[in-house]
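# Understanding the architecture of this molecule
Spelled out from the first residue to the last, the chains are:
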Amino acid sequence: MGGDSLPPMIGWLQGTLADPWQQDKRCGLLLLVGGVGYELQVTQRQWQRLPAAGQPLTMHVHTAIREDAWTLYGFGERHERDLFRELVGVSGVGPQMALGLLGAMASEELVQAIVQADLRRLCQAPGVGKRTAERLAVELRTRLQQRFLGQLDSQHDTAADLAAVELDGGSRDDVQITLSALGYEALEIQRALRAVAASGVERDAAADQWIRACLQWLAREVA
């Protein structure tokens, strides 16, 4: 084996929990496996669910390799690790921000927030600003719908989307043109239409009523 070859990636570990730890906002643990101690970083949500030291523990693992270090990230469920990998694939989202997102809400809630472009919910995670939340929604929405939607109860969101789509085409164009002229981006307008549709505004209501309702909703989001 050549000197530049890398050892196999670690994807799963089964062992004994030895030393859960917290340092600043980071959480982690030492997992003893066959006489070797593996240090893994975990989400705060995962850390709070850990068993007592000395108990058996299995973890799905993501291995991050840099020139100066190997870092292991541990997850109780495989879909959590897979979602972590999707998150760190987005520009501007590093491992600590991804752990923060997964620690701020359950993975199902996080997928739902991204699919629904719920920027306010995403921005509640540490370090996540509006632009990063928008990138998450734009880059991951379709992929997460295809990969994770079967794990979610998406009936409410689907109904809201259908209601927005069924808004009269001419009225919808008027709403979109007006809001765009006021400086709102396409993603914000899409979210406002879905939210207003879900609030019960009739799809055959006048465009002015939809515009007022969308502006009220957008003003609350910015506030």
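What you see is a predicted model; the values in this text were computed from it and never measured.

## Quick word on the environment of Asp 19
Position of Asp 19 relative to the elements: it lies in the loop between β1 (12-17) and β2 (21-23). Its relative accessible area of 40% is what places Asp 19 among the partly exposed residues. Placed 10 residues apart in sequence, Asp 19 and Leu 29 show a C-alpha to C-alpha distance of 5.4 Å. Once residues within four sequence positions are removed from consideration, Asp 19 is found in contact with Gly 28, Leu 29 and Leu 30.

## Section: the packing of helix α6 (residues 130-148) against helix α9 (residues 186-198)
Close contact between α6 and α9 brings their axes to 11 Å; oriented N to C, the two are set at 75 degrees. It follows that α6 is roughly perpendicular to α9 by the angle criterion. Where α6 approaches α9, its residues Lys 130, Glu 134, Ala 137, Val 138 and Arg 141 are matched on the opposing element by Leu 187, Glu 188, Gln 190 and Arg 194. Considering only residue class, the contact of α6 with α9 consists of three nonpolar, one polar and five charged.

## Some thoughts on the side chain of Gln 46
The residue Gln 46 is located in helix α1 (residues 44-48) in this model. Using a relative accessible area of 7% as the deciding quantity, one classes Gln 46 as buried. Setting aside residues up to four positions removed in sequence, Gln 46 forms contacts with Met 59, Phe 75, Gly 76 and Glu 80.

## So, the pattern of salt bridges
Scanning all chains against the criterion turns up seven salt bridges. Arg 143 is the salt-bridge partner of Glu 86, the closest N and O atoms lying 2.8 Å from each other. With Glu 86 in helix α2 (residues 78-88) and Arg 143 in helix α6, the pair connects residues that are 57 residues apart, well separated along the chain. When its relative accessible area of 9% is taken as the criterion, Glu 86 is described as buried. You can call Arg 143 partly exposed: its relative accessible area is 39%. Taking the shortest distance from any N to any O, the salt bridge between Glu 134 and Arg 131 comes out at 2.9 Å.

## Thoughts on the nonpolar core
By size, the foremost hydrophobic cluster in this structure holds 27 residues, and its most contacted members are Leu 83, Leu 87, Leu 101, Leu 110 and Leu 144. When sequence neighbours within four positions are dropped, the list of residues in contact with Leu 101 reads Leu 87, Leu 110, Leu 122, Ala 125, Val 128 and Leu 136. Grouped together as the second largest cluster of nonpolar side chains are 16 residues, Val 175, Ala 207, Trp 210 and Leu 218 included.

## Describing the packing of aromatic side chains
To describe a pair of aromatic rings, one takes the distance between the centres and the angle between the planes. This model, assessed by the stated rule, comprises two aromatic pairs. Judged by centre distance (5.2 Å) and plane angle (35 degrees), the rings of Tyr 73 and Phe 84 are tilted. One end of the pair, Tyr 73, is in strand β6 (residues 70-75); the other, Phe 84, is in helix α2, with 11 residues separating them in the sequence. Summarising the aromatic geometry, the rings of Phe 75 and Phe 84 are spaced 5.0 Å apart at their centres and angled 45 degrees between planes, so their arrangement reads as tilted. Clustering of aromatic rings is evident, with ring pairs tying together Tyr 73, Phe 75 and Phe 84.

## Quick notes on the confidence of the model for the chain
Parts of the prediction with low pLDDT should not have their coordinates interpreted in detail. Model confidence for the chain is summarised by a mean pLDDT of 83, while 85% of its residues fall at 70 or above. Per-residue pLDDT, averaged within each element of the chain, yields its smallest value for helix α7 (residues 155-165) (43) and its largest for strand β4 (residues 36-42) (96). Taken as a whole, residues 151-166 scores under 50 in pLDDT and shows 25 contacts with residues more than four places along the chain or in a different chain.

## Digging into unusual backbone geometry
Within the chain, Asp 24 stands out as a residue other than glycine whose phi angle is a positive 55 degrees. Turning to its location among the elements, Asp 24 is positioned in the loop between β2 and β3 (26-33). Residue Asp 24 is classed as exposed on the basis of its relative accessible area of 78%. The backbone of Ala 117 sits at a positive phi, close to 55 degrees, despite the residue not being glycine. In this structure, Ala 117 sits in the loop between α4 (107-115) and α5 (119-122).

What counts as what
- Residues numbered from 1 in each chain as written.
- Predicted model: local features only at pLDDT ≥ 70, side-chain atom pairs only at ≥ 80, totals over all residues.
- Heavy atoms only, no water.
- Helix = DSSP H or I, 4+ residues; strand = E, 2+ residues; numbered from the N terminus.
- Buried < 20%, exposed > 50% of the residue type's maximum accessible area, 1.4 Å probe, protein only.
- Contact = heavy atoms within 4.5 Å.
- Axes fitted to C-alpha atoms, helices over the stretch in contact; angles between N-to-C directions.
- Parallel < 35°, antiparallel > 145°, perpendicular 65-115°, else oblique.
- Nonpolar A, V, L, I, M, F, W, Y, C, P; charged D, E, K, R; others polar.
- Salt bridge = Lys/Arg side-chain N within 4 Å of Asp/Glu carboxyl O.
- Core = buried A, V, L, I, M, F, W, Y, C linked by side-chain atoms within 4.5 Å.
- Phe/Tyr/Trp six-rings, centres within 6.5 Å; stacked < 30°, edge-to-face > 60°.
- pLDDT = per-residue confidence, 0-100.

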